[in-house]
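Results of the structural survey
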Amino acid sequence: MNLLVVGGAGYVGSVVAARLLEAGHAVTVADSLLTGHRDAVPPEARFVAADLSDAAALGDLLRAGFDAVLHFAALSIVPESVAQPARYYRANVGGTLNLLDAMRAAGVTRLVFSSTASVYGEPDAIPIAEHAPTRPTSPYGASKLAADHAIGFECAAVGLGAVSLRYFNVAGAYGPYGERHDPETHLVPLLLEAALRDAEADPVRIYGRDYPTPDGTAVRDYIHVRDLADAHLLALEATTEPGHRVYNLGNGRGFSVQEVVEAARTVTGRAIPAVDAPRRPGDPPVLVASSELIRRELGWAPETPELEAIVADAWAWLGARSGQPA
Ligand SMILES: NC(=O)c1ccc[n+]([C@@H]2O[C@H](COP(=O)([O-])OP(=O)(O)OC[C@H]3O[C@@H](n4cnc5c(N)ncnc54)[C@H](O)[C@@H]3O)[C@@H](O)[C@H]2O)c1
């Protein structure tokens, strides 16, 4: 297929673009490079510098003729969204609406969208299933939920076939493609960067040691970025049918922050200093996905659910980038 990957210069988008190319698809990456990197675009992909805020440019781009669109482009730092809600709504909702308009005008009827576990907010029950109430606690989560809703209504209006994938915590790396956020807010890369610089002076913070969990630290669900990417290939096949499908994507297994710290210490063989810090507002004790629906309906299954294997792949990638042995 001839595919447009919007946001394909970012972490998840670059891995998906690589997997799509390996599966024999033609890939065009459109990205503003706001948080992405030109050298994260696989060399076999065509690259177009484009911003979702530019509706006219999007219209021109879509008219080139694509079979489907995969949409990863977003602002995604939760605390930043709390400080700048309008900016997040404009980028994540407005950008998605511009894309939907351009797809409608060009007659492109298949879409895979990066949604997030943040749409659920603080859950009533674990594991979290797709029918759980959506009560986002940040403008980031709310803006992604609004985009999900717009996609659903667009499906009903024009017969679009769309899949929203609600990722839990993505980690790991795939070949030359890994996680490069600035600032980095995700636990696994923060730990590995600390291991690389042996950061006595700047220890990693563990937010909350008094949660009602076995070791008192928060529990999260980590999914390997390659397993996540492969779910996109399955989702793409499912977009042949009109309508909106929503699937959670996680391991279905929780790991505590303390367990992730220990896994990073084991994988790196380095001390990785960490200190306790107060809980952050809005951080629930446990967030674990039920991915039963995508397993059942699309036959997805993670190949690398083990935490240490996920961390090891991220560490190997970081070592290759930094020139230090990992
Ligand atoms: N990484 C995670 O753990 C995680 C978890 C849940 C959901 N998500 C979602 O997955 C998607 C990808 O996340 P990521 O971690 O790869 O982020 P990322 O920041 O690495 O990638 C986002 C890409 O989109 C591009 N972009 C941003 N705004 C744009 C715009 N207006 N026009 C064109 N390009 C634009 C950026 O330059 C970047 O290349 C996001 O939509 C995010 O909300 C990620």
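In the block above lies the structure referred to throughout.
One structure accompanies this document, and this report is about it. Once a new chain begins, its residue numbering starts again from 1 and follows that chain's sequence as written. Since the coordinates come from a predicted model, pLDDT governs what is reported: local features require at least 70, and pairs of side-chain atoms require 80 or more to be given and counted, while whole-chain, interface and lining totals use all residues.

Things to note about the environment of Arg280
We apply this condition: Here a strand is any run of E in DSSP of at least two residues, a helix any run of H or I of at least four, and the numbering for each starts at the N terminus.
Tracing the sequence through the fold places Arg280 in the loop between β13 (274–277) and β14 (286–287). Separated by 72 residues in sequence, Arg280 and Gly208 place their C-alpha atoms 7.4 Å apart.

Considering the nonpolar core
Operational definition: To count as a nonpolar core, a set of buried Ala, Val, Leu, Ile, Met, Phe, Trp, Tyr and Cys residues must be joined through C-beta atoms within 7 Å. Burial is judged by counting other C-beta atoms within 10 Å of a residue's own C-beta: 20 or more means buried, 12 or fewer means exposed, and anything between counts as partly exposed, with every C-beta placed from the backbone. By convention here, the domain bounds are inherited from an automatic or database domain assignment. Placing C-beta atoms from the backbone, we regard two residues as in contact once those atoms come within 7 Å.
Within the largest apolar cluster, 101 residues are counted, with the highest numbers of intra-cluster contacts made by Val69, Leu191, Leu249, Val311 and Ala314. The element best represented in this core is helix α10 (residues 307–322), accounting for eight residues. Both domains that meet at this core, namely domain 1 (2–168 + 222–249) and domain 2 (187–220 + 252–322), each give it at least three residues. Once residues lying within four places of it in the same chain are set aside, the contact partners of Ala314 are Ala171, Gly172, Ala173, Gly178, Glu179, Val188, Pro189 and Leu192.

Things to note about helix α1 (residues 11–22)
Formally: By this rule the span expected of a helix is its residue count minus one, scaled by 1.5 Å.
If you check α1, its first and last C-alpha atoms are 17 Å apart, about what 12 residues at 1.5 Å a residue would give, namely 16 Å. Taking burial as the measure, the 12 residues of α1 include 10 buried ones, the bulk of the element. Within α1 the residues assigned to the buried category are Tyr11, Val12, Gly13, Ser14, Val15, Val16, Ala17, Ala18, Arg19 and Leu20. Taken together, the buried residues of α1 touch β1 (2–6), β2 (26–31), β4 (68–71), β5 (110–116), β7 (169–171) and α7 (225–238). Backbone geometry just after α1 places Gly24 at a positive phi near 95°.

Digging into the site of the ligand
This is how the line gets drawn: Each residue gets a C-beta atom placed from its backbone. If that atom is within 6 Å of a molecule or strand, the residue is near it. Three classes are used, and their members are as follows: Ala, Val, Leu, Ile, Met, Phe, Trp, Tyr, Cys and Pro are nonpolar, Asp, Glu, Lys and Arg are charged, and the others, Gly among them, are polar.
The environment of the ligand is formed by 27 residues, the closest being Gly7, Gly10, Gly36, Ala73 and Ala74. For the shell around the ligand, the secondary-structure elements that each account for two or more residues are α1, α4 (85–106), β5 and β7. The element best represented in the shell around the ligand is α1, accounting for three residues. For the shell around the ligand, the residue count by class is 12 nonpolar, 13 polar and two charged.

Quick look at the sheet that holds strand β9 (residues 219–220)
Basically, it comes down to this: Whether two strands pair depends on DSSP finding at least two bridges between them.
Taken in spatial order, the three strands make up an open sheet running β12-β9-β14, and their pairing is mixed. The sheet is open, and its two edges are formed by β12 (255–256) and β14, each paired on a single side. By the bridge criterion, two bridges tie β9 to β14 in an arrangement that is parallel. Bridged to Val219 within β14 is Val286.

Observations concerning the packing of helix α8 (residues 257–268) against α10
Convention followed: Working convention: axes come from line fits to C-alpha atoms, limited for helices to the stretch in contact. Angles between N-to-C directions cover 0 to 180 degrees. Any angle between 65 and 115 degrees counts as roughly perpendicular, while under 35 counts as roughly parallel, over 145 as roughly antiparallel, and the rest as oblique. Helix crossings are classified by the rotation of the near helix relative to the far one: an anticlockwise turn of less than a right angle makes the crossing left-handed, while a clockwise turn makes it right-handed.
Between α8 and α10, the shortest axis-to-axis distance is 9 Å and the interhelical angle comes to 55°. With respect to α10, the element α8 is oriented oblique. The element α8 and its partner α10 pack so that their crossing is right-handed. Of α10, the residues touching α8 (which contributes Glu259, Val260, Ala263, Ala264, Thr266, Val267 and Thr268) are Leu307, Glu308, Val311, Ala312 and Trp315. Across the contact of α8 with α10, the residue classes break down as eight nonpolar, two polar and two charged.

Remarks on the sheet that holds β1
Through backbone hydrogen bonds, the strands of a sheet pair up, either in parallel or in antiparallel fashion. Strand order across the open sheet formed by seven strands is β3-β2-β1-β4-β5-β6-β11, with parallel pairing between neighbours. Single-partner strands in this sheet number two, and they are β3 (46–49) and β11 (243–249). Averaged over neighbouring strand pairs, the angle between their axes works out to 20° when direction is ignored. One ladder, built from seven bridges, connects β5 with strand β6 (residues 161–167); its direction is parallel. Looking at the pairing, Phe113 lines up with Ser164 of β6. Relative to β6, α7 is tilted by about 160°, and along the sheet it contacts β4, β5, β6 and β11.

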